[in-house]
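# Understanding the architecture of this molecule
Listed below, chain by chain, are the residues.
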Amino acid sequence: MDARSCPALRPVESVVVPDREHGRVVVLRDTHGVTEAQAVVPPALVPVLVRFTGRLTCHEIAREASAELGIAVPVELVVKLAAELESGLFLEGPSFRSARTRVEREFAEASVRPASHAGGAYHNDRRALERYIEQTCFAGANGTHAHGALALGNGSARMVALVAPHIDPWRGALGYGHAYGALAAALPAEADTFVLFGTSHAPMRQPFALCRKAFDTPLGRVDADTTSIDALAGRTGGFDPYADQFNHKREHSLEFQVVFLKHLLKSRQFRIVPVLAGLGSHQLTGQDPGQDACVVEFLGGVRDLVQSRPGRVVIVAGADLAHVGPRFGDARPYDEAERATLERADRASLDRAASLDANGFWSHVTADLEERRICGLAPIWSLLCSLASAGVRGRVLHYEQTVDREDGSIVSHAALGFYE
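Residues numbered from 1 in each chain as written. Predicted model: local features only at pLDDT ≥ 70, side-chain atom pairs only at ≥ 80, totals over all residues. Heavy atoms only, no water.

Here the focus is the overall build of the chain. Per the secondary structure count, the chain includes 14 helices and 14 strands. Against the 2.2 N^0.38 benchmark of 22 Å for 420 residues, the chain shows a C-alpha radius of gyration of 22 Å, consistent with a compact globule. Considered along the principal axes of its C-alpha atoms, the chain spans approximately 70 × 50 × 45 Å. The proportion of buried residues among the 420 residues of the chain is 56%. Counted over contacts in the chain with a minimum sequence separation of 6, partners at least 24 positions apart contribute 76%. Within the structure as shown, the chain displays about 17700 Å² of accessible surface, and the carbon and sulfur contribution to it stands at 49%. Distance between charge centroids for the chain: 4 Å, based on 44 positive and 51 negative side chains. (Helix = DSSP H or I, 4+ residues; strand = E, 2+ residues; numbered from the N terminus. Rg over C-alpha atoms; globule rule 2.2 N^0.38 Å. Buried < 20%, exposed > 50% of the residue type's maximum accessible area, 1.4 Å probe, protein only. Contact = heavy atoms within 4.5 Å. Areas by Shrake-Rupley, 256 points an atom, 1.4 Å probe, with all protein chains shown as cover. Lys, Arg positive; Asp, Glu negative; His and termini not counted. Charge placed at Lys NZ, Arg CZ, Asp CG, Glu CD.)

Here it is as structure tokens:
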């Protein structure tokens, strides 16, 4: 890396977090899972970082950043930042491509997807995890005795689909408790297959990504329904459903659902059909995915799977709602009036989902997508399109705004049940 190099930041997640020394810093994280490292960039270097597009040399970046800041930015500083990001695998280039090829090959050859977030987002110890789910999630949400497990299928209504949070279980305990407590009460006795739609936090090239791997959890392994997955792979209308399979490696939106399902069902045999829903190009352009023949064909395959096994297939979407506040790029935290306005907007979206109005849900969310930054649009819309609406009714079970204690940023999430 030298002054003539043109550094290009690759697609990574960036969040703004509080920092004692700098006030706030930008943290870069790899949602693909090529590197476990995180990069912390102080605010003074953000004007440099945003110019790592691959079009400017380090010398040109230093000159432009100096003009913007009104102070001299040494080219050596730009080169040093670029070199550090390159060594951390945050820049496009030979180092990153070599590492990605190796990690992708290892993941492709593995028969089991490891529990990537165990020990971080939730307990890695079986007993500690079971206690947390029972005593904090279920007991907190539903008043279940802390030492007792929820009984399955005691209610009269049968749940055919569920929208659950994908925020980490530490912060989303009540949301998960409401979602999976309701599923436990209304799970059909014959249910043995769960189609899981999750948000892909890493960019996707195709609208959906299948995964044929079993998912490991601290509670035991959950096998994939490879027969159903193969059938869906033949209903793509031409796109490659495995082009983005690597996104499953670090994606938490499905991993958390598998953990809760395994806790509920314990030794009962069941299988999963893991699907990451991208629809990124549709969200960027405003295109109605319901007019995309490939999307319609794929979701038709999911709907056929549900209808071919009455009572045996349940659809679960791992989906959060709004992401607002300083951590996500807003100038300041929301005040009480703004939080109330946000809740009204979220609930209006949820009402459309609960009424199985897929088109209305898509239109309502995309109308202010840049403001609310809802990251559950694709999986919830996909769930709605996969249900046969006749005889199915939806109900909002829980809504919550989780507020970050340090900077007041908010992630909102909800639980929705669909019954017949």
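Let us keep going from here.
Read from one edge to the other, the open sheet built from three strands follows the order 1-2-3, with strand pairing classed as antiparallel. The open sheet terminates on both sides in strands that have one partner only, identified here as strand 1 (13–19) and strand 3 (38–41). Averaged over all pairs of adjacent strands, the angle between strand axes in this sheet comes to 30°, irrespective of strand direction. (Pairing = 2+ DSSP bridges. Axes fitted to C-alpha atoms, helices over the stretch in contact; angles between N-to-C directions.)

Between helix 2 (residues 58–69) and helix 3 (residues 75–87), the least distance of the axes is 8 Å, while the angle of their chain directions is 120°. The orientation of helix 2 with respect to helix 3, classified from their angle, is oblique. Crossing of helix 2 over helix 3 shows right-handed handedness. Contact with helix 2, carried on its side by Cys58, His59, Ile61 and Ala62, involves Val75, Val78, Val79 and Ala82 of helix 3 and no other residues of that element. The class makeup of the residues in the contact of helix 2 with helix 3 is seven nonpolar, one polar and no charged. (Parallel < 35°, antiparallel > 145°, perpendicular 65-115°, else oblique. Left-handed = near helix turned anticlockwise from the far one by under 90°. Nonpolar A, V, L, I, M, F, W, Y, C, P; charged D, E, K, R; others polar.)

In the Ramachandran plot, Leu89 falls in the positive-phi region, its phi being about 70° despite a non-glycine side chain. In this structure, Arg373 is a non-glycine residue whose phi angle is positive, near 55°. Within the secondary structure layout, Arg373 lies in the loop between helix 13 (369–372) and helix 14 (377–386). Taking the relative accessible area as the measure of exposure, Arg373 reaches 23% and is therefore partly exposed.

Scored by pLDDT, the chain comes out at a mean of 94, with 97% of its residues at no less than 70. Under a pLDDT of 50 for its full length, residues 144–148 has, in the predicted model, six contacts with residues more than four places off or in other chains. (pLDDT = per-residue confidence, 0-100.)

Counted by the stated rule, this structure contains 28 salt bridges. The residue Arg51 makes a salt bridge to Glu68 at a minimum N-O spacing of 2.8 Å. With Arg51 in the loop between helix 1 (46–49) and helix 2 and Glu68 in helix 2, the pair connects residues that are 17 residues apart, well separated along the chain. Overall, the relative accessible area of 16% leaves Arg51 in the buried class. The salt bridge partner of Arg372 is Asp346, with a shortest N-O separation of 2.9 Å. Taken together, the residues span a long stretch of sequence, with Arg372 in helix 13 and Asp346 in helix 11 (residues 336–354) at a distance of 26 residues. A single salt-bridge network, built from bridges that share partners, covers Arg51, Glu64 and Glu68. (Salt bridge = Lys/Arg side-chain N within 4 Å of Asp/Glu carboxyl O.)

For any two helices packed against each other, the geometry comes down to the angle between their axes and how far apart the axes lie. For the pair helix 12 (residues 358–367) and helix 14, interaxial distance at closest approach is 9 Å and the crossing angle is 165°. By the angle class used here, helix 12 and helix 14 are roughly antiparallel. Every pair of crossing elements has a handedness; the one defined by helix 12 and helix 14 is left-handed. Here helix 12 contributes Ala358, Asn359, Phe361, Trp362, Val365 and Thr366 to the contact with helix 14, which in turn contributes Leu377, Ile380, Trp381, Leu384 and Cys385. Grouping the constituent residues of the contact of helix 12 with helix 14 by class yields nine nonpolar, two polar and no charged.

Our next topic: the packing of aromatic side chains. Geometrically, a pair of aromatic rings is defined through the distance of the ring centres and the angle of the planes. On inspection of all chains with the given rule, the structure shows eleven aromatic pairs. Both rings, one in Tyr132 and one in Trp170, keep their centres 5.0 Å apart while their planes meet at 75°; by these two values the pair is edge-to-face. Of this pair, Tyr132 sits in helix 5 (residues 126–142) while Trp170 sits in the loop between strand 5 (159–164) and helix 6 (173–186), and the two are 38 residues apart along the sequence. Since its relative accessible area comes to 13%, Tyr132 is described here as buried. Exposure remark for Trp170: the relative accessible area of 36% places this residue in the partly exposed category. Between the aromatic rings of Tyr176 and Phe260, the centroid separation amounts to 4.5 Å while the plane-to-plane angle is 5°, which identifies the pairing as stacked. Of this pair, Tyr176 sits in helix 6 while Phe260 sits in helix 8 (residues 252–265), and the two are 84 residues apart along the sequence. Take Tyr176 and Phe260: they sit in the same class, and that class is buried. Ring pairs connect the aromatic residues Phe197, Phe208, Phe239 and Phe298, which therefore count as one cluster. We note Lys213 situated over the ring of Phe107; from NZ or CZ to the ring centre the distance is 4.8 Å. (Phe/Tyr/Trp six-rings, centres within 6.5 Å; stacked < 30°, edge-to-face > 60°. Lys NZ or Arg CZ within 6 Å of the ring centre and 35° of its normal.)

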